[in-house]
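Residues per chain are reported as follows:
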Amino acid sequence: MIIPRTSIISRTLRAGRLHHTTSCSSKNVVNIVEVGPRDGLQNEKGVIPVDVKVELINRLGSAGTRYIESGSFVSPKWVPQMAGTAEVISQMERLPDNHYAVLVPNQKGLDNLFTLLDSYTPSSSQPNPPVNEIAIFTAASDAFSRANTNISIADSLTRFVPVVRAALERNLRVRGYISTVISCPFSGQVDYKQVRDIAKELMDMGCYEVSLGDTVGTGTPASVAEMVEEVKKSVPVENLAGHFHDTFGTGVVNVLTALQHGIRTVDSSVGGLGGCPYSPGATGNVATEDVLYALQGSEYDVSYIDLEKIVDIGWWISEKLARENTSRAGRAVKARRLREAKQAEKAKL
Ligand SMILES: CC(C)(COP(=O)([O-])OP(=O)([O-])OC[C@H]1O[C@@H](n2cnc3c(N)ncnc32)[C@H](O)[C@@H]1OP(=O)([O-])[O-])[C@@H](O)C(=O)NCCC(=O)NCCSC(=O)C[C@@](C)(O)CC(=O)[O-]
């Protein structure tokens, strides 16, 4: 595939690129990007009330989550679950040091966001703007790109050039996503060189980070390692993130593999919310609880997020949506709590 070169704009934007500021100084702090309110909820059945979305985001913030993807300015005809994003981000609590992002697929989405930002007036209770970041998205497979956004990969990259430039001019950071980095539900195995070239193109455009999405969740430690090593040939690993769905139960091990290959930013979804509309059987993102549990006591630090509170949120949102909580750590912690409560009752007798 020939990827359009963005030449002058690319070089200008690259020079002024903003970097991830959620990281602490220690090199082994892992940035958890909570995508439940967006990637998770967009795939759940039915329409989710604005107040539930707002409460989800607020609870995640109070559990220590520093980066929350809060919604999408996509067409509500395509993704009805993301309707109401403007209300959600206007009403949610914005913690001063946190990052709040929305997905933007095209200029219309960005214009809608700008209209909201233009009408925002800081107040003592909400001094921060609704969001400080956008995320743009393409795919490593043309078939997936067309199914998701009605456009080829090459055309999507061209379409994003002015979107990224306008966002950066308004001091919004831009994160890039590539879907189907391991396999595509329509066209099968993906060429990792293609992932590498698209990641480079997104960085050249002005993204500060590219999230590598195993949309279908077919990745294994071997395939994830091979893919990440290929992408690292063109993009510094500090600018990469891992985004794994847990369809085959390899979500956590794929996170660990990505970390072992130098990645320090991982996307996850509380309660394992979500799925993939184009891939029957695909499950949600790897659960935030499962990632936090797996990293406890390791060389990787995620202690700034309270696992017990995340478990509570996973159960709360799963009950609200009348869905199964797919986080194994969430289920195990609940079972442990029940056991402990029973023992405490017994001890009282
Ligand atoms: C990109 C489009 C809009 C193209 O869709 P299109 O039909 O080609 O767009 P269009 O430009 O022809 O417009 C069609 C209608 O949509 C409206 N429209 C056009 N743009 C917007 C907008 N931004 N916001 C609101 N409305 C919009 C536009 O005004 C028009 O309205 P009408 O005249 O029919 O009333 C559509 O395909 C779309 O919204 N796709 C989004 C799909 C999506 O959100 N997918 C999920 C996110 S990606 C993902 O989850 C993967 C990721 C990131 O998590 C990583 C991984 O796991 O792989």
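Within an unreviewed UniProt entry, the label attached to the chain reads hydroxymethylglutaryl-CoA lyase, and the organism entered is Serpula lacrymans var. lacrymans. Per UniProt, the chain carries the Pathway (unreviewed entry) text "Metabolic intermediate metabolism; (S)-3-hydroxy-3-methylglutaryl-CoA degradation; acetoacetate from (S)-3-hydroxy-3-methylglutaryl-CoA: step 1/1." Listed in UniProt under the heading Sequence similarities (unreviewed entry), the comment for the chain reads: "Belongs to the HMG-CoA lyase family."

1. Considering the packing of aromatic side chains
A complete count under the given rule lists zero aromatic pairs for this structure. A cation over an aromatic ring shows up here: Arg175 above the ring of Tyr177, its NZ or CZ 5.4 Å from the ring centre.

2. Focus: the packing of helix 7 (residues 153-169) against helix 8 (residues 192-205)
Close contact between helix 7 and helix 8 brings their axes to 10 Å; oriented N to C, the two are set at 20°. The angle between helix 7 and helix 8 places the two elements in the roughly parallel class. You can see that helix 7 and helix 8 cross each other, and the crossing is right-handed. For the pair helix 7 and helix 8, the contacting residues are Ile153, Leu157, Phe160, Val161 and Val164 in the first and Gln194, Ile198, Glu201, Leu202 and Met205 in the second. In terms of residue class, the contact of helix 7 with helix 8 is built from eight nonpolar, one polar and one charged.

3. Comments concerning the nonpolar core
Judged by nonpolar contacts, the single largest core of 100 residues is most densely connected at Leu113, Ile134, Ile136, Ile178 and Leu212. Per element, the largest residue contribution to this core is nine residues, and it comes from helix 7.

4. Here we look at the site of the ligand
Close contacts around the ligand come from 26 residues, with Gln42, Lys77, Asn148, Ser179 and Thr215 the closest. Asn148 has a polar side-chain atom sitting 2.8 Å from a nitrogen atom of the ligand. In the environment of the ligand, an oxygen atom lies 3.1 Å from a nitrogen or oxygen atom belonging to the side chain of His245. Isolated, the ligand exposes 1100 Å² of accessible area, and the fraction of that covered by the protein chains is 74%. Of all the secondary-structure elements, those providing two or more residues to the shell around the ligand are helix 2 (36-40), helix 5 (107-118), helix 6 (142-149) and strand 5 (173-179). With three residues, the single largest contributor to the shell around the ligand is helix 5. Taken together, the residues of the shell around the ligand sort by class into nine nonpolar, twelve polar and five charged.

5. Focus on unusual backbone geometry
Its identity is not glycine, yet Asn171 carries a phi of approximately 60°, on the positive side. Looking at the element boundaries, Asn171 is found in the loop between helix 7 and strand 5. Overall, Asn171 belongs to the exposed group, its relative accessible area being 63%. One non-glycine residue with positive phi stands out, namely Ala322, at about 50°. Along the polypeptide, Ala322 turns up in the loop between helix 12 (307-320) and helix 13 (328-348). Looking at Ala322, the relative accessible area reads 72%, which means it is exposed.

6. As for the pattern of salt bridges
This structure, assessed with the given rule, holds 19 salt bridges. In this structure, Arg336 engages Glu308 in a salt bridge whose closest nitrogen and oxygen atoms are separated by 3.1 Å. Highlighted residues: Arg336 in helix 13 and Glu308 in helix 12, separated in sequence by 28 residues. We classify Glu308 as partly exposed; its relative accessible area is 29%. One salt bridge in this structure joins Glu345 and Lys348, with 3.2 Å as the shortest N-O distance. In this pair, Glu345 and Lys348 are both assigned in helix 13, three residues apart and thus about one turn of the helix distant. Residue Glu345 is classed as partly exposed on the basis of its relative accessible area, which comes to 45%. Judged by relative accessible area, Lys348 falls into the exposed class, the value being 67%. Within the structure, one salt-bridge network assembled from shared partners comprises Glu308, Asp312, Arg336, Arg337 and Glu340.

Scoring rules and cut-offs
Residues numbered from 1 in each chain as written. Predicted model: local features only at pLDDT ≥ 70, side-chain atom pairs only at ≥ 80, totals over all residues. Heavy atoms only, no water. UniProt positions renumbered as here; feature names shortened; annotations may be inferred. Phe/Tyr/Trp six-rings, centres within 6.5 Å; stacked < 30°, edge-to-face > 60°. Lys NZ or Arg CZ within 6 Å of the ring centre and 35° of its normal. Axes fitted to C-alpha atoms, helices over the stretch in contact; angles between N-to-C directions. Helix = DSSP H or I, 4+ residues; strand = E, 2+ residues; numbered from the N terminus. Parallel < 35°, antiparallel > 145°, perpendicular 65-115°, else oblique. Left-handed = near helix turned anticlockwise from the far one by under 90°. Contact = heavy atoms within 4.5 Å. Nonpolar A, V, L, I, M, F, W, Y, C, P; charged D, E, K, R; others polar. Core = buried A, V, L, I, M, F, W, Y, C linked by side-chain atoms within 4.5 Å. Buried < 20%, exposed > 50% of the residue type's maximum accessible area, 1.4 Å probe, protein only. Near = heavy atom within 4 Å. Polar contact = N/O pair within 3.5 Å; in protein donor to acceptor, adjacent residues only side chain to side chain. Areas by Shrake-Rupley, 256 points an atom, 1.4 Å probe, with all protein chains shown as cover. Salt bridge = Lys/Arg side-chain N within 4 Å of Asp/Glu carboxyl O.

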